[in-house]
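Residue-level structure breakdown
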Amino acid sequence: MGRWICCLCSRVADPLMLLLVLALSCSPFTAATTSPSVPHVKPSYSFGRTFLGLDKCNACIGTSICKKFFKEEIRFDTWLSSHLKLPPSYLLSYSGNYTDDAKSWRLVDITRLTSKYQHDRADKRICTSLLKTKTCSLERALRRTQRFQKWLRAKRLTPDLVQGLSSPMLRCPSQRLLDRIVRRYAEVPDAGSIYMDHLTDRDKLRLLYTLAVNSHPILLQIFPDVEGWPFPRYLGSCGRLVVSASTQPLRDFYSAAPEVAADLALQLLAVLRSMGTNDLNYFFYFTHVDAGTFGVFSNGHLFIRDASTLGIIDKEEAGSQLIDGQQEHKDIFSCLTVDCQSAFVSCDSIREKHSLVMVCQELLPKLLKGKFLQPVQEKIDSFLQHCASGLTDDQGVNEAIAKLAEILKPLRSCDSRFAYRYPDCKYSDKY
């Protein structure tokens, strides 16, 4: 019938007859053959290279996850609202959503290694100290430095190449640790080699820049959660932003129920023990802890949320680690985030109970304060005070922590709120 209408239309001369034919073409039968409606246009998200920090590459962290941003498979929480605006660039961290299939989404943390203000200040310092100008090409300036020229010639990452960097992880570097960094550096294709042959000049600059600014993403890469290390999963970097699995900071649990506080306190003590004694014979210690250092996953499992203040001493190669003379090797890379005059902490000054004492001073009192009935609360406070004042008494700290753990164990509960150990806790004496 549709074909008949078209033929008739071509032969009709009278305008009235033409209108009649067009009216017939609006019948239900012919309506089904009309063209489909125009598809809904998907809103476009505009980052800009400046927000991500891509305009500063290769003085940046990496580009391994940039495609996820531009394909909208990583979204900031503000993108779930109608105005679809990017969050302010001056923030240090952002909550985001990540997907692999565009159907299921999971929470991620999107963070800067340091604040944008500190980044901008460091960028100006590079230009003024190296090229005597207010603005410059950061990459060109850093490439001219003596340190990076040594990196370009090096086949292997050795302690002298990182000596003087401010990162606590590199305060006492061993060759075994540096080999692990090169072998597991996730911003390049995995070569499984301790030699830097698979790293381009660009890769070497990004690795050096990351180590100089903040070693947090490197620690997540070389000690991954899938191997049992207490760090969130590293998902990738884009410019100067790092994406990792989401955790809720410990500060959010200071007002938690007593059984939750007891559980988190025991996990915190267990993490510190594992960082002091592990199969790889690395001794991890904190140079600083605060309410954002540790975080909690949605299943109740506690992890190290911010690894930027973690130092590492290699027990297997302690005799070969550089300890003396580090202050003589400072350069522009030594002061990208700290004052160039800052003194280094000597490796041999770190005691085994160093981190435990700091946690007893800064975190556990806030987590456990006023949570329990007397006389239990009084005993907890007493052991915490003993631990906090026991920096010179290793045995006293050990005893205080052991007694504190003994009190806390029966105070935690076994239910679905603690998904990381439920229902295993019902059938195990471990809990």
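Bear in mind the structure is a predicted one, so any value in this text is a computation, not a measurement.

About the cut-offs
- Residues numbered from 1 in each chain as written.
- Predicted model: local features only at pLDDT ≥ 70, side-chain atom pairs only at ≥ 80, totals over all residues.
- Heavy atoms only, no water.
- Helix = DSSP H or I, 4+ residues; strand = E, 2+ residues; numbered from the N terminus.
- Buried < 20%, exposed > 50% of the residue type's maximum accessible area, 1.4 Å probe, protein only.
- Expected span 1.5 Å × (residues − 1).
- Arc of directions from axis to C-beta.
- Phe/Tyr/Trp six-rings, centres within 6.5 Å; stacked < 30°, edge-to-face > 60°.
- Lys NZ or Arg CZ within 6 Å of the ring centre and 35° of its normal.
- Pairing = 2+ DSSP bridges.

In this fold, Y285 is placed in strand β7 (residues 282-286). Of the residues examined, Y285 reaches a relative accessible area of 1% and is grouped as buried. Linking Y285 and I350, residues 65 residues apart in sequence, is a C-alpha distance of 8.0 Å.

So, on to helix α16 (residues 376-388). Helical periodicity: at 3.6 residues per turn, an α-helix aligns residues three or four positions apart in one direction. Taking 1.5 Å of rise per residue, the 13 residues of α16 would be expected to cover 18 Å, and the 18 Å separating its terminal C-alpha atoms lies within 8% of that figure. Every buried residue of α16 is listed here: Q377, I380, F383, L384, C387 and A388. When α16 is viewed along its axis, its buried side chains cluster within an angular range of 135° and face the same direction. Those residues of α16 that are exposed and angled more than 90 degrees off the buried face are E378 and Q385.

Here we take up the packing of aromatic side chains. Summed over all chains, the structure comprises 12 aromatic pairs. Summarising the aromatic geometry, the rings of F76 and Y94 are spaced 5.3 Å apart at their centres and angled 85° between planes, so their arrangement reads as edge-to-face. One end of the pair, F76, is in strand β1 (residues 74-76); the other, Y94, is in strand β2 (residues 93-98), with 18 residues separating them in the sequence. Judged by its relative accessible area of 6%, Y94 is buried. Taken together, F51, F69, F76 and Y94 form an aromatic cluster joined through their ring pairs. In this structure, R112 is placed above the aromatic ring of F51, and the distance from its NZ or CZ to the ring centre is 5.3 Å. Lying over the aromatic face of F418, R421 brings its terminal NZ or CZ to 4.6 Å of the ring centre.

On to the sheet that holds strand β9 (residues 302-304). Backbone hydrogen bonds are what pair the strands of a sheet, in a parallel or an antiparallel way. Taken in spatial order, the 3 strands make up an open sheet running β6-β8-β9, and their pairing is antiparallel. Two strands in the sheet have a free side with no partner beyond their single neighbour: β6 (248-249) and β9. Relative to strand β8 (residues 294-296), β6 runs antiparallel, the two being bridged by 2 bridges. Bridging from a neighbouring strand, P249 pairs with G295 of β8.

Function cannot be read off these values alone, since they describe shape.
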